[in-house]
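Given next are the chains, with one letter for each unit.
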Amino acid sequence: MNKFHGTGVAMVTPFQADGQVDYDALQKLIDHLIDGGVEYLVSLGTTGESATLSKEEKKQIFAFTAKAVNKRVLLVAGIAGNNTLETAAEMKAFDTTGYDAILSASPHYNKPTQEGIYQHYKALAEAAPLPIILYNVPSRTGSSVSAETTVRLATDFKNIIGIKEASGNFELLNQLLRDKPEDFLVISGDDPISLQMIAMGGVGVISVVGNALPKQFSDMIRKCLKGDFKGAQPAHYSMIEFTRLMFAEGSPAGVKAALKQLGVCGDTIRLPLVNISADAVEKIKNQIGLIG
């Protein structure tokens, strides 16, 4: 399979009950995902609660993860921010050992114009020691990267190799998939519509649900990439309710609850996020039993 085609998983960061990073559980999670057949892992994306980790914690998690993965699958580092100069400096200083690319969300809170977004990524592309995967997630950032801006970046910078698209905007997706350079990767950032995005020309997904169901999800995505959408439909439909529950009371609280049920790691989460309700936990437990 081509690089970054298939299922990538945006890994959670397991915490001990006292809130410290649980490295034993992180090792267990990594093995769970690789044994489940996913194609690559993403360390410290949004799902990894990167917003509430210190710089020193991030450095330690990046190093530990690279060592634990040990080149068994491709590995992507989440490095993003809304201070362009600081983010570029962070990329420049990043220890790339064991890593294959950087995933970087567009700037949050500032609400830049499209030209501002272009100039932000231009600065990052000029500083980055690894290929960059853009990340468009307007529900979190407050602004969207337009199809025109993505195509412009893909054309102007050869080290900008793809985008994780989580806008859910099919008009944008149609335009992007029509106009992008042939080798530019469009990766789903929305678990529920990954099948549909692959049918349109996407190359896979960076998944939250895959933390809990790596085999089921990656098997489905591989069928889609082979054009066997009919064969993928039963798995797709069987995971719809589970996927909804993963986000119903916030992510990654939902998937951490599922991982606790599966015995992979605890469900501790850092403020301002909180654990999901007991009712939601029970529903997730039931769905795990149904999916098997």
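Bear in mind that the values here come from a model prediction, so they are computed numbers and not experimental data.

### With respect to the side chain of Thr65
In step 1: With respect to the secondary-structure elements, Thr65 resides in helix H2 (residues 55–69).
In step 2: Beyond its immediate sequence surroundings of up to four residues, Thr65 is in contact with Met11, Leu26, Ile30, Ser43, Leu75 and Tyr99.

### Remarks on the pairing of strand E4 (residues 101–105)
In step 1: Counting buried residues along E4, 5 of its 5 residues qualify, which places the element largely inside the surrounding structure.
In step 2: Residues of E4 alternate between two faces, with Ala101, Leu103 and Ala105 on one and Ile102 and Ser104 on the opposite face, all of them buried.
In step 3: Sheet analysis places strand E3 (residues 74–78) next to E4, joined by 3 bridges and oriented parallel. What sits directly across from Ala77, in E4, is Ile102.

### Examining the packing of aromatic side chains
In step 1: If you walk through the whole model with that rule in mind, you get 6 aromatic pairs.
In step 2: Measuring from centroid to centroid gives 5.0 Å for Tyr23 and Phe64, while their planes differ by 55 degrees, and the two rings are tilted. Separated by 41 residues along the polypeptide, Tyr23 in helix H1 (residues 23–35) and Phe64 in helix H2 bring together distant segments of the chain.
In step 3: Classification of Tyr23 as partly exposed rests on a relative accessible area of 23%.

### Some details on the packing of helix H9 (residues 214–225) against helix H10 (residues 229–238)
In step 1: Viewed as axis vectors pointing N to C, H9 and H10 meet at an angle of 160 degrees, and their least axial separation amounts to 8 Å. Compared by their axis directions, H9 and H10 come out roughly antiparallel. Handedness of the H9/H10 crossing: left-handed. Contacts between H9 and H10 involve Met220, Lys223 and Cys224 from the former and Phe229, Gly231, Ala232, Ala235 and His236 from the latter.
In step 2: Looking at the contact of H9 with H10, its residues break down into 5 nonpolar, 2 polar and 1 charged.

### A word on unusual backbone geometry
In step 1: In this structure, Pro252 follows Ser251 across a cis peptide bond, with omega equal to 10 degrees.
In step 2: Tracing the backbone shows Pro252 in the loop between helix H11 (240–248) and helix H12 (253–261).
In step 3: Cis geometry marks the peptide bond from Leu271 to Pro272, where omega comes out at 15 degrees.
In step 4: By the secondary structure assignment, Pro272 is in the loop between H12 and helix H13 (278–291).
In step 5: Not every positive phi belongs to a glycine, and Phe4 is a case in point at roughly 65 degrees.
In step 6: With respect to the helices, strands and loops of the structure, Phe4 is situated in the segment before strand E1 (6–10).
In step 7: A residue is classified by how much of its surface remains accessible, and Phe4, at 3% relative accessible area, is buried.
In step 8: Of note, the phi angle at Lys71 is positive, near 65 degrees, even though the residue is not glycine.
In step 9: Here Lys71 is to be found in the loop between H2 and E3.

### Overview of the UniProt feature "active site" (unreviewed entry) in the protein
In step 1: Taking the UniProt record as the reference, the feature "active site" (unreviewed entry) is found at Tyr135 and Lys164. These annotated residues cover 30 residues of sequence, and their C-alpha atoms all fall within 4.6 Å of one another, placing them together at a single site.
In step 2: In this fold, Tyr135 is placed in strand E5 (residues 132–136).
In step 3: Leaving out residues up to four positions away in the same chain, Tyr135 has contacts with Thr46, Leu103, Ser104, Ala105, Ser106, Tyr121, Ile163, Lys164 and Ala166.

### A few points about the pattern of salt bridges
Here the idea is simple: oppositely charged side chains can pair when their charged atoms come close.
In step 1: Following the criterion strictly, the structure yields 13 salt bridges and no others.
In step 2: Two residues, Asp179 and Arg178, come together in a salt bridge whose shortest N-O distance is 2.7 Å.
In step 3: Overall, the relative accessible area of 33% leaves Asp179 in the partly exposed class.
In step 4: Linked by salt bridges that have partners in common, Glu39, Lys215, Asp219 and Arg222 make up one network.

### Side note on helix H4 (residues 114–127)
In step 1: Over its 14 residues, H4 extends 20 Å from the first C-alpha to the last, a length consistent with the 20 Å expected when each residue adds 1.5 Å.
In step 2: Considered for burial, the residues of H4 that qualify are Ile117, Tyr118, His120, Tyr121, Leu124, Ala125 and Ala127.
In step 3: On its buried face, H4 is in contact with helix H3 (84–93), E4, E5, helix H6 (147–156) and strand E6 (160–165).

The rules behind these values
Residues numbered from 1 in each chain as written. Predicted model: local features only at pLDDT ≥ 70, side-chain atom pairs only at ≥ 80, totals over all residues. Heavy atoms only, no water. Helix = DSSP H or I, 4+ residues; strand = E, 2+ residues; numbered from the N terminus. Contact = heavy atoms within 4.5 Å. Buried < 20%, exposed > 50% of the residue type's maximum accessible area, 1.4 Å probe, protein only. Pairing = 2+ DSSP bridges. Phe/Tyr/Trp six-rings, centres within 6.5 Å; stacked < 30°, edge-to-face > 60°. Axes fitted to C-alpha atoms, helices over the stretch in contact; angles between N-to-C directions. Parallel < 35°, antiparallel > 145°, perpendicular 65-115°, else oblique. Left-handed = near helix turned anticlockwise from the far one by under 90°. Nonpolar A, V, L, I, M, F, W, Y, C, P; charged D, E, K, R; others polar. UniProt positions renumbered as here; feature names shortened; annotations may be inferred. Salt bridge = Lys/Arg side-chain N within 4 Å of Asp/Glu carboxyl O. Expected span 1.5 Å × (residues − 1).

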